[in-house]
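Read off the chains here:
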Amino acid sequence: MLLGASLVGALLFSKLVLKLPWTQVGFSLLLLYLGSGGWRFIRVFIKTIRRDVFGGMVLLKVKAKVRRCLRERKTVPLLFASVVRRHPDKTALIFEGTDTHWTFRQLDDYTSSVANFLQARGLTSGNVVALFMENRNEFVGLWLGMAKLGVEAALINTNLRRDALRHCLDTSKARALIFGSEMASAVSEIHASLDPSLSLFCSGSWEPSTVPANTEHLDPLLEDAPKHLPSHPDKGFTDKLFYIYTSGTTGLPKAAIVVHSRYFRMAALVYYGFRMRPDDIVYDCLPLYHSAGNIVGVGQCLLHGMTVVIRKKFSASRFWDDCIKYNCTIVQYIGELCRYLLNQPPREAESQHKVRMALGNGLRQSIWTNFSSRFHIPQVAEFYGATECNCSLGNFDSQVGACGFNSRILSFVYPIRLVRVNEDTMELIRGPDGVCIPCQPGQPGQLVGRIVQQDPLRRFDGYLNPGANNKKIANDVFKKGDQAYLTGDVLVMDDLGYLYFRDRTGDTFRWKGENVSTTEVEGTLSRLLDMADVAVYGVEVPGTEGRAGMAAVASPTSKCDLKSFAQTLEKELPLYARPIFLRFLPELHKTGTFKFQKTELRKEGFDPTVVRDPLFYLDARKGCYVALDQEAYTRIQAGEEKL
């Protein structure tokens, strides 16, 4: 920026004051430029111009489409309707579990039945219905049918139980709950504490004795409902579509607001940025209550007419067989999933598929090349993003290890930035002018995105609870008076503008493809351990993605029955949130504001030669905690223990 200003100043001075001819002015500027280190710019320009031009064209194309949708008050159901008109008899969704194929016409009819049924039950635009079921075609049909009526779906994580599940239902202010028969026991556990006015509907196999009282079987009701197109609700492109619950840093799950424009933007940037085609077939084994499975994956079906194969849950042993059976050309992943596939013994199926692209996030650089070469996948389409963020990234040219890029030549085109933070407190570091300090190449920093509410590509829609927004917004970041979204993630940029994920900040860590809220886990563990002080944090384990949960407990081990404790945790916490390691110590050090000091605990980890306190780990085979001695530590470090 300073160099550019100097060159402009020299140009004006040379022409207006010295009145030199253009040849002399140009030669002088070239010498000044090269003498100021401008040769580095030439290298960057040559190496990145093609990438940057393509990225800029993608951004312009999506912006143009967004503006048109905004002007015409388009919504996801209206955009889907145009896809149905183009090819009604093409296969839209395939559910692997039952080999059920739905054409676009069938999906459209099902969604209309949902809208008409809910309307007959008194629901109107702006009402909320909670959806709590495992992956299958009906999941998509239900929330899309709600959207046709203007009803907003609250998509609830199927791993949630008890307090967390009740919290999601309460905060959404849902008028009805639609749950899969496989989730009946979880609903029954909290039924007594639910609002009596909450209508309950069960989809799937019907066993009246297993569902709460007053629950209705949804499937026959939808079969009898009219299939005509309901009247269009008064909703536009920036109105609410549904809610996705995210862990965040405040404990219990928060409902991130997804508006129609956000759904379109996320799906479209992936579609155009990674050069997808309408005849691609996507293999989607990620949960549909998350944005990766439901927007990045299913969005290609609803908005671009692609066929999407839905699997209830990921299976490493069946993955490539499914891809062959359904002729999949694109597979979705999270980093942990790739490691599971690599851990499988080699099979013929892994080289007989037609997959040309792996689409996802979190693929570690250490296994990137091995994953791509072993499974013969020419394009790894890695991206960075979160349900609520306004600074998504895409690695459009398969740069190994990168989650995206930002132009070094025209960085102002896409207003994102890495800013310096205190690595211990994760507080933003500001300069004398009060503005955040941008990172130079090689310096780790927190990724932020400038907020422009009038721009659907730059807006921040936030959470259902407005109070949760404060921790995600900072002022005076790019310049005085502006606002920016804080991702809470530390990345690092190289000389060419490629960005690499470094770490997750705040009170969360990622394990098994899920964000784990340390505050929520600490509260649960403390309650189970007679309100003992508990500090939860993530620790690195060689050969695994993310960080494994570790709990430091201020209590002697004699007070805790570890076998009973492990059994209780199975009921209280989802699998990904259960701590893998336990450390019992006399007391936990706290700050002046009574926050646990976790920095040293993280550094010490679970090494018995460093930690003198009793250590235990969750033995996956035995289903209980066992002592972590040097021998066990060595096995874990060598990847011989399943965690």
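This is a predicted model, so every value here is computed, not measured.

Points about the packing of helix H15 (residues 518-528) against helix H16 (residues 562-572)
Then, in step 1: Between H15 and H16, the least distance of the axes is 11 Å, while the angle of their chain directions is 135 degrees. Put simply, H15 runs oblique to H16. Taken as a pair, H15 and H16 cross one another with a handedness that is right-handed. Residues Thr524, Leu525, Arg527 and Leu528 of H15 form the contact with H16, whose own contacting residues are Phe565, Thr568, Leu569 and Glu572.
Then, in step 2: Of the residues assigned to the contact of H15 with H16, the class counts are four nonpolar, two polar and two charged.

Here's the deal with the pairing of strand S11 (residues 307-310)
Then, in step 1: Judged by which residues are buried, S11 turns out to be covered on both faces: Thr307 and Val309 on one side and Val308 and Ile310 on the other are all buried.
Then, in step 2: The sheet contact formed by strand S1 (residues 91-95) and S11 spans three bridges and is parallel. For Ile94, the partnering residue across the bridge sits in S11 and is Val309.
Then, in step 3: Note that strand S10 (residues 281-284) and S11 share four bridges and pair parallel. Its bridge partner being in S11, Asp284 is matched across the sheet by Ile310.
Then, in step 4: Regarding the hand of the β-α-β motif, the stretch spanning S10, helix H11 (residues 291-304) and S11 is right-handed.

Remarks on the sheet that holds S11
Then, in step 1: Here we have eight strands laid out as an open sheet, ordered S2-S1-S11-S10-S12-S13-S14-S15, and mixed in their pairing. In this open sheet, the two strands that pair with only one neighbour each are strand S2 (100-103) and strand S15 (393-394).
Then, in step 2: Taken together, the two bridges between strand S14 (residues 379-384) and S15 define a ladder with antiparallel strand orientation. Looking at S15, one finds that Tyr384 is bridged to Leu393.
Then, in step 3: The strands touched by helix H5 (residues 104-120) within the sheet are S1 and S2, with S2 carrying the most contacts at an inclination of about 85 degrees.

Some remarks on the domain arrangement of the protein chain
Then, in step 1: Assigned domains within the protein chain: domain 1 (1-66), domain 2 (73-313), domain 3 (406-504) and domain 4 (508-638).
Then, in step 2: Placing a centre on the C-alpha atoms of domain 2 and another on those of domain 3 gives a separation of 32 Å.
Then, in step 3: In this structure, the connection of domain 2 to domain 3 is made through one salt bridge.
Then, in step 4: The closest approach of N and O atoms between Asp461 and Arg262, which form a salt bridge, is 3.0 Å.

Rules of the game
Residues numbered from 1 in each chain as written. Predicted model: local features only at pLDDT ≥ 70, side-chain atom pairs only at ≥ 80, totals over all residues. Heavy atoms only, no water. Axes fitted to C-alpha atoms, helices over the stretch in contact; angles between N-to-C directions. Helix = DSSP H or I, 4+ residues; strand = E, 2+ residues; numbered from the N terminus. Parallel < 35°, antiparallel > 145°, perpendicular 65-115°, else oblique. Left-handed = near helix turned anticlockwise from the far one by under 90°. Contact = heavy atoms within 4.5 Å. Nonpolar A, V, L, I, M, F, W, Y, C, P; charged D, E, K, R; others polar. Buried < 20%, exposed > 50% of the residue type's maximum accessible area, 1.4 Å probe, protein only. Pairing = 2+ DSSP bridges. Right-handed = clockwise from strand over helix to strand, strands pointing away. Domains from an automatic or database assignment. Salt bridge = Lys/Arg side-chain N within 4 Å of Asp/Glu carboxyl O.

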